[in-house]
Amino acid sequence: MFRKLSFLLLLLVGMSDAFAQVAASSKKIAPFQIRLVNGQQYTSSQLAAGPVVLIYFSPDCDHCQNFTKDLLKNASVVANKQVVMVTFQAMDMLKPFVSQYSLGSYPNFKVGTEGTSYLVQRYYQIRSFPYIAIYDKKGNLVRTFEGEQPHAEIFKALKQI
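Residues numbered from 1 in each chain as written. Predicted model: local features only at pLDDT ≥ 70, side-chain atom pairs only at ≥ 80, totals over all residues. Heavy atoms only, no water.

1. Focus: the confidence of the model for the chain
Part 1 of the reasoning: Mean pLDDT for the chain: 88, with 84% of residues reaching 70 or above.
Part 2 of the reasoning: Low pLDDT, under 50, characterises residues 2–26; the stretch is placed with four contacts to residues that sit more than four places away or in other chains. (pLDDT = per-residue confidence, 0-100. Contact = heavy atoms within 4.5 Å.)

2. Considering helix α2 (residues 62–73)
Part 1 of the reasoning: Its 12 residues place the ends of α2 17 Å apart at the C-alpha level, agreeing with the 16 Å of an ideal helix rising 1.5 Å per residue.
Part 2 of the reasoning: Looking at the packing, one finds that the buried side of α2 touches β3 (52–56), β4 (82–87), α3 (91–100), β5 (109–113), β6 (131–135) and α5 (151–159). (Helix = DSSP H or I, 4+ residues; strand = E, 2+ residues; numbered from the N terminus. Expected span 1.5 Å × (residues − 1).)

3. Re the layout of surface pockets
Part 1 of the reasoning: If you add up the space inside the largest pocket, you get close to 160 Å³.
Part 2 of the reasoning: In terms of lining, the largest pocket is formed by Leu36, Val37, Asn38, Gln40, Val98, Leu103, Gly104, Phe109, Lys110 and Val111.
Part 3 of the reasoning: Among the residues making up the lining of the largest pocket, the classes are represented as six nonpolar, three polar and one charged. (1 Å grid on protein atoms, 1.4 Å probe; cavity = no way out; pocket = protein on both sides within 12 Å on 5 of 7 lines; lining within 4 Å. Points joined across faces, edges and corners; volume = space filled by probe spheres on them. Nonpolar A, V, L, I, M, F, W, Y, C, P; charged D, E, K, R; others polar.)

4. Some remarks on the environment of Phe129
Part 1 of the reasoning: As for its placement among the helices and strands, Phe129 is situated in the loop between α4 (119–124) and β6.
Part 2 of the reasoning: Residues Phe129 and Phe57, spaced 72 residues apart in sequence, show a C-alpha to C-alpha distance of 5.4 Å.
Part 3 of the reasoning: Those residues within four positions of Phe129 in sequence are excluded, and the remaining contacts are Tyr56, Phe57, Ser58, Cys61, His63, Cys64, Phe88, Gln121, Gly147 and Glu148.

5. A closer look at the packing of aromatic side chains
Part 1 of the reasoning: Inspection of every chain in the model, using the stated rule, returns 10 aromatic pairs.
Part 2 of the reasoning: When the ring of Tyr124 is compared with that of Tyr131, the centres are 5.2 Å apart and the planes differ by 40°; the resulting orientation is tilted.
Part 3 of the reasoning: Under the relative-accessibility criterion, Tyr124 is labelled buried at 5%.
Part 4 of the reasoning: Accessibility expressed as a relative area gives 6% for Tyr131, which makes it buried.
Part 5 of the reasoning: The ring centre of Tyr123 lies 4.9 Å from the NZ or CZ of Lys27, which sits over that ring. (Phe/Tyr/Trp six-rings, centres within 6.5 Å; stacked < 30°, edge-to-face > 60°. Buried < 20%, exposed > 50% of the residue type's maximum accessible area, 1.4 Å probe, protein only. Lys NZ or Arg CZ within 6 Å of the ring centre and 35° of its normal.)

Written out as structure tokens, the structure is:
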């Protein structure tokens, strides 16, 4: 009897892990609506077909600043991808960040604030920054990274899509 219960328990655990992986891999991008530093609205429906990298960050976060610097040094890993950088911080914090890193000079980057709607933050259940969600050309979630992570591992994942 104990063997049967153990087997059943293992089977259920295995099935729940597999279900979680399938659910995560089919997750679509958050239905975001952000205000860009030029004042324009930009939404998830405006994304072109192709791979997308969504980065949720805070302009005053050291890990976010370091990741942004390193990402720009390795810009080739996102050259053929749409990069959407989203924060909840106010525009007066966002504009200096965009200026400092010359993010406006990258045509595939969209940087904006969702303000206090926190829709993106709730959608991904973000607890630490930066949060990076990588989507393939079909719009399916491939991988996420949260908080301080090895940049080389993130760049390796980006190269694979």
